[in-house]
Amino acid sequence: MSENRKLIKIATAGSVDDGKSTLIGRLLFDTKSLTTDKIEAIERSSKQRGYDYLDFSLATDGLVAEREQGITIDVAHIYFNTEKTNFIVADTPGHVEYTRNMVTGASTSQVAIILIDARKGVIEQTYRHFFISNLLRMSHVVVAINKMDLVNYDEEVFLNIKKDFDELVAKSDFSEDQITFIPVSALNGENIARKSEEMPWYIGNSLLDHLEVLEPEDLQESSVARFPVQYVIRPKTEAFHDFRGFSGKLYGGSLKVGDEVTLLPSMNTSSIKSIHFFDRELDEATPGSSITVTLNSEVDLSRGDMLVKSDAVPRSEKQISATICQVNSKGLRVGAKYILQHGVNRVLAKVDQIESKIHTDFSGSEEADQLKLNDIGKVKFRLSKPIHFDSYRENKSNGSFILIEEGEFDTVSVGFID
Amino acid sequence: MNNLLIPNPKEAESIHIIREVAAQFERPVLLFSGGKDSITLVRLAQKAFYPAKIPFPLLHVDTGHNFPETIEFRDKLVDELGLELIVRNVQDSIDQGKVREERGRYSSRNSLQTTTLLDAIEEFKFDACIGGARRDEEKARAKERVFSVRDDFGQWDEKNQRPELFDMLNGKIHVGQNVRCFPISNWTELDVWEYIKTENIEIPSIYFAHEREVFLRDGMIWTANEHVYREEHEEVIVKMVRFRTVGDMTCTAAVLSEAVSLEDVVGEIRESTISERGARIDDKRSEAAMETRKKVGYF
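Please read these numbers as outputs of a predicted model, since none were measured by experiment. (Residues numbered from 1 in each chain as written. Chains lettered and ligands numbered in written order. Predicted model: local features only at pLDDT ≥ 70, side-chain atom pairs only at ≥ 80, totals over all residues.)

Draft legend 1. Up close: the overall build of chain A. From N to C terminus, chain A includes eight helices and 25 strands. Whereas a compact globule of 418 residues would reach a radius of gyration of roughly 22 Å, chain A reaches 24 Å, a difference of no more than 12%. In terms of principal-axis extent, the alpha carbons of chain A reach across some 70 × 50 × 40 Å. Across the 418 residues in chain A, those meeting the buried criterion constitute 49%. A sequence separation of at least 24 residues applies to 69% of the contacts in chain A between residues at least 6 apart. (Helix = DSSP H or I, 4+ residues; strand = E, 2+ residues; numbered from the N terminus. Rg over C-alpha atoms; globule rule 2.2 N^0.38 Å. Buried ≥ 20, exposed ≤ 12 C-beta atoms within 10 Å, placed from the backbone. Contact = placed C-beta atoms within 7 Å.)

Written out as structure tokens, the structure reads:
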């Protein structure tokens, strides 16, 4: 794959009929990412359904149940690229009962596209989608005001919706430059891959141009190095007789040969002897690298432990407080026990207290004795062993966790540590 | 000069996933077909564990109708890298009366593989099968998880999948269940080809243009061979072709091509207006063909 192409990961959110699948289908079509056999299949299916236009939503709504109901019920991943950029789109369903899917899709994305139907304006769903974008601290949010063709491409409509949305922005942690408003017609391709001639009053970029100019710098996370040990490598061969390497993915910061490091939980210190990536030996690795490091002293370090630079050690605690989103129909109750997976580390966790259930429309919170599917709340946990974490605000990877229930081992919650 | 690693994000993610498989499961296996995706997986696994060897075996479910070039390539690769290879044959499943050979114009052993695979999983008690499936291949695959839990019957329950948040992978299962793991879920066909080119990975010769005896049916180019059902009026001709995807001979169509180098192939894929699954005869059976096969345990 081309190393000079940047990778931008996008989550899309919108209500059932906002035309989200159509928008994605349009992006694929206009970037020539749909091959002729796929376009032919769309033509065939559109005709069968008696449409006189190409229904691009057919390109993305993958499952039989979805085609039957004409709605999207699970996160689908869609890929396309331009000369300069690789894109991954997590297409997340807009149903009220499927809020968990947006959290899931957003967790692997940097940019959120929130769709609004120009005829309907800001509705309750919009609040929720923006709330989740804020909770997950997306780098950028694009508010795509769709179906402009159905309101005569009227600037007044666009400005009114923008004004309503700006009131939400004021309640969030976002700064204004993280939010971009674009009037579009996905059906007709207006302001998707090309600037619309129907809306000369709009002076910004088309959606695709906007996504392309987002700089990878904006998309990176914390500058503090966190290296959770995934796997210990001991070749036991002639050539690498004494080799004992610690493998993992580097989150944030960088690691250099010679760096003074602290090992958690032992709090032992050592320094980096070598950094390996396959048969290459490196002086330095940057964030996101899946590498193997060796240390200058014999130390006890295994899967689930963490290696950090000695000048920036994370918190290590047995009591944590987090914002929880319930992603399974099994509810979360006080006293319940779970397996808490923080990165690659697992400990046992007990729910100490549910402090509140948070309203996802920015209207505050209420008391609750349990969290149900799609609920978001503040929860305190007690752990069997300390975990080594940062707040989600400081470091997304080291500030998030999942809860696994012990019956079917389902993933039931995702947590964002305070 | 400072020797600095700037990661290729998709490669780094795949290595992360492969290491999670090795760490979370007791008996993982890599499903190896001899195709470009599974060859890419082998390279990624090498990178994940270097300088140690890949800590799991390869499993090839051989339909008996594979291209001989693929089998040759497989044996050479296994030999060079010192890997453990397990082969299980669809022919054995047929001989044991577990599956019945399809007959007629579109007969193929492709869907029979499922039984042989599930038997091998049971025989070796594999709890994780690493596969080269990609989400961009097909609509139903677009919703597949990186860790996809299958029940005792190998079935996929698409409405009851575990959500996957950030890069945390939950591979906890009960005895009897197993997990299909897809490290290159987020790669596109072009990503794979560009990677093979950048890494200079060797691939079977049938991926490059060569002269072959073929016949035409339904606008596709079929291999003329004893294993492929052909009607008398379907005339055998010799064409310069290559394969974009390599499966069983009975379900893999060739494309006309002059591409003799990796450079040519990458160029051709970039310009291509037909998806690789467009050359998969098995997917054309119906709009929901892939989803139906997956539900019963197909890879």
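Okay, back to it.
Draft legend 2. Here's a closer look at the overall build of chain B. When helices and strands are counted, chain B shows eight helices and eleven strands. Here chain B holds 299 residues, and 52% of them are scored as buried. In chain B, the proportion of contacts linking residues at least 24 apart, taken out of those at least 6 apart, comes to 76%.

Draft legend 3. Expanded view of the interface of chain A and chain B. At the interface, 56 residues of chain A touch 49 residues of chain B. When residues in the side of chain A that touches chain B are grouped by element, the largest group, four residues, is from strand β2 (residues 76–81) of chain A. Considered class by class, the residues forming the side of chain A that touches chain B number 25 nonpolar, 19 polar and twelve charged. Inspection of the sheet shows strand β14 (residues 284–285) of chain A paired to strand β1 (residues 4–5) of chain B by two bridges, in the parallel sense. Paired with E284 of chain A across the bridge in β1 of chain B is L4 of chain B. (Nonpolar A, V, L, I, M, F, W, Y, C, P; charged D, E, K, R; others polar. Pairing = 2+ DSSP bridges.)

Draft legend 4. Summary view of the nonpolar core. With 154 residues, the main nonpolar core has A144 of chain A together with C181 of chain B as its most contacted residues. Broken down by element, the residue count for this core peaks at seven residues, all from helix α2 (residues 36–49) of chain B. The contacts of C181 of chain B, once residues within four sequence positions are left out, are I17, V21, A128, C129, I130, V146 and F147 of chain B. Membership of the second largest hydrophobic core comes to 21 residues, among which are F227, L250, L255 and L282 of chain A. (Core = buried A, V, L, I, M, F, W, Y, C linked by C-beta atoms within 7 Å.)

Draft legend 5. Representation of the domain arrangement of chain B. Residue and element names in this part refer to chain B. Entries for chain B in the domain assignment read domain 1 (9–187 + 288–295) and domain 2 (192–284). Taken together, the contact pairs 27 residues of domain 1 with 23 residues of domain 2. Contributing elements (two or more residues each) for the side of domain 1 that touches domain 2: α2, α3 (68–81) and α8 (289–295). Residue classes in the side of domain 1 that touches domain 2 are distributed as seven nonpolar, twelve polar and eight charged. (Domains from an automatic or database assignment.)

Draft legend 6. Spatial organisation of the domain arrangement of chain A. All names here are of chain A. Partitioning chain A into structural domains gives domain 1 (6–219), domain 2 (226–309) and domain 3 (315–417). For domain 2 versus domain 3, the distance between C-alpha centres works out to 29 Å. With ten residues of domain 2 in contact, the opposing surface of domain 3 contributes ten residues. Its residues placed into classes, the side of domain 2 that touches domain 3 shows five nonpolar, three polar and two charged.

Draft legend 7. Region of the structure containing unusual backbone geometry. With an omega dihedral of 15°, the bond running from L264 of chain A to P265 of chain A counts as a cis peptide bond. By secondary structure assignment, the location of P265 of chain A is in the loop between β11 (260–264) and β12 (269–277). With an omega of 5°, the peptide bond between Y50 of chain B and P51 of chain B qualifies as cis. You can see P51 of chain B is positioned in the loop between α2 and β3 (58–62).

Draft legend 8. Region of interest: the packing of helix α4 (residues 99–107) of chain A against helix α5 (residues 124–135) of chain A. Residue and element names in this part refer to chain A. At a minimum axis distance of 10 Å, the contact between α4 and α5 shows a crossing angle of 35°. For the element pair α4 and α5, the recorded crossing hand is right-handed. Seen from α4, the contacting residues are T99, M102, V103 and A106; seen from α5, they are R128, H129, I132 and S133. Residues that form the contact of α4 with α5 fall into these classes: four nonpolar, three polar and one charged. (Axes fitted to C-alpha atoms, helices over the stretch in contact; angles between N-to-C directions. Left-handed = near helix turned anticlockwise from the far one by under 90°.)

Draft legend 9. Fine view of helix α1 (residues 9–24) of chain B. Helix length check: α1 of chain B, at 16 residues, gives a terminal C-alpha distance of 22 Å against a target of 22 Å (1.5 Å per residue), a fit within 8%. Most of α1 of chain B sits inside the fold, with 14 of its 16 residues counted as buried. (Expected span 1.5 Å × (residues − 1).)

Draft legend 10. Spatial organisation of the sheet that holds strand β1 (residues 6–13) of chain A. Residue and element names in this part refer to chain A. Taken in spatial order, the six strands of this open sheet run β2-β3-β1-β4-β5-β6, and their pairing is mixed. Of all strands in the sheet, those with a lone pairing partner are β2 and β6 (179–183), marking the two edges. Averaged over all adjacent pairs, the angle separating strand axes in this sheet is 25°, with direction ignored. The sheet contact formed by strand β5 (residues 140–146) and β6 spans five bridges and is parallel. Residue pairing in the sheet places V141 in a bridge with I179 of β6.

Draft legend 11. Structural detail: the pairing of strand β17 (residues 315–326) of chain A. Residues and elements named next belong to chain A. Sheet topology places β17 next to strand β23 (residues 376–389); ten bridges connect them, and they run antiparallel. Its bridge partner lying in β23, I324 is registered against G377. Here β17 pairs with strand β25 (residues 411–417) via five bridges, running antiparallel. By the bridge assignment, I324 is partnered in β25 with G415.

Draft legend 12. Representation of helix α6 (residues 155–171) of chain A in the model. Residues and elements named next belong to chain A. Over its 17 residues, α6 runs 25 Å from end to end, which matches the ideal 24 Å to within 8%, given 1.5 Å per residue. Among the residues of α6, F158, I161 and F165 are the ones counted as buried. Buried positions in α6, seen along its axis, are confined to an arc of 75° and lie on one side of it. Away from its buried face, by an angle of more than 90 degrees, α6 presents the exposed residues E156, K163, E167 and A170. Turning to α6, the residues buried within the fold contact β4 (111–117), β5 and β6. (Arc of directions from axis to C-beta.)

Draft legend 13. Looking closely at the packing of α1 of chain B against α2 of chain B. Residue and element names in this part refer to chain B. For the pair α1 and α2, interaxial distance at closest approach is 9 Å and the crossing angle is 75°. Looking at the two axes, α1 sits roughly perpendicular to α2. From α1, E11, S14, I15, I18 and R19 reach across to α2, where they touch L44, A45, K47 and A48. Looking at side-chain class alone, the contact of α1 with α2 contains five nonpolar, one polar and three charged residues. (Parallel < 35°, antiparallel > 145°, perpendicular 65-115°, else oblique.)

Draft legend 14. Quick peek at the environment of E137 of chain B. Residue placement: E137 of chain B occurs in the loop between β5 (128–130) and β6 (147–150). In the structure, E137 of chain B is positioned 48 residues away from S185 of chain B in sequence and 9.5 Å away in space, judged by C-alpha atoms.

Draft legend 15. Geometry of the pairing of strand β16 (residues 306–309) of chain A. All names here are of chain A. Across three bridges, the pairing between strand β7 (residues 226–228) and β16 is antiparallel. Note on β16: the bridge partner recorded for F227 is L307. Bridge count for β11 against β16 is four bridges, and the pairing is antiparallel. Looking across to β16, one finds that L264 is bridged to M306.

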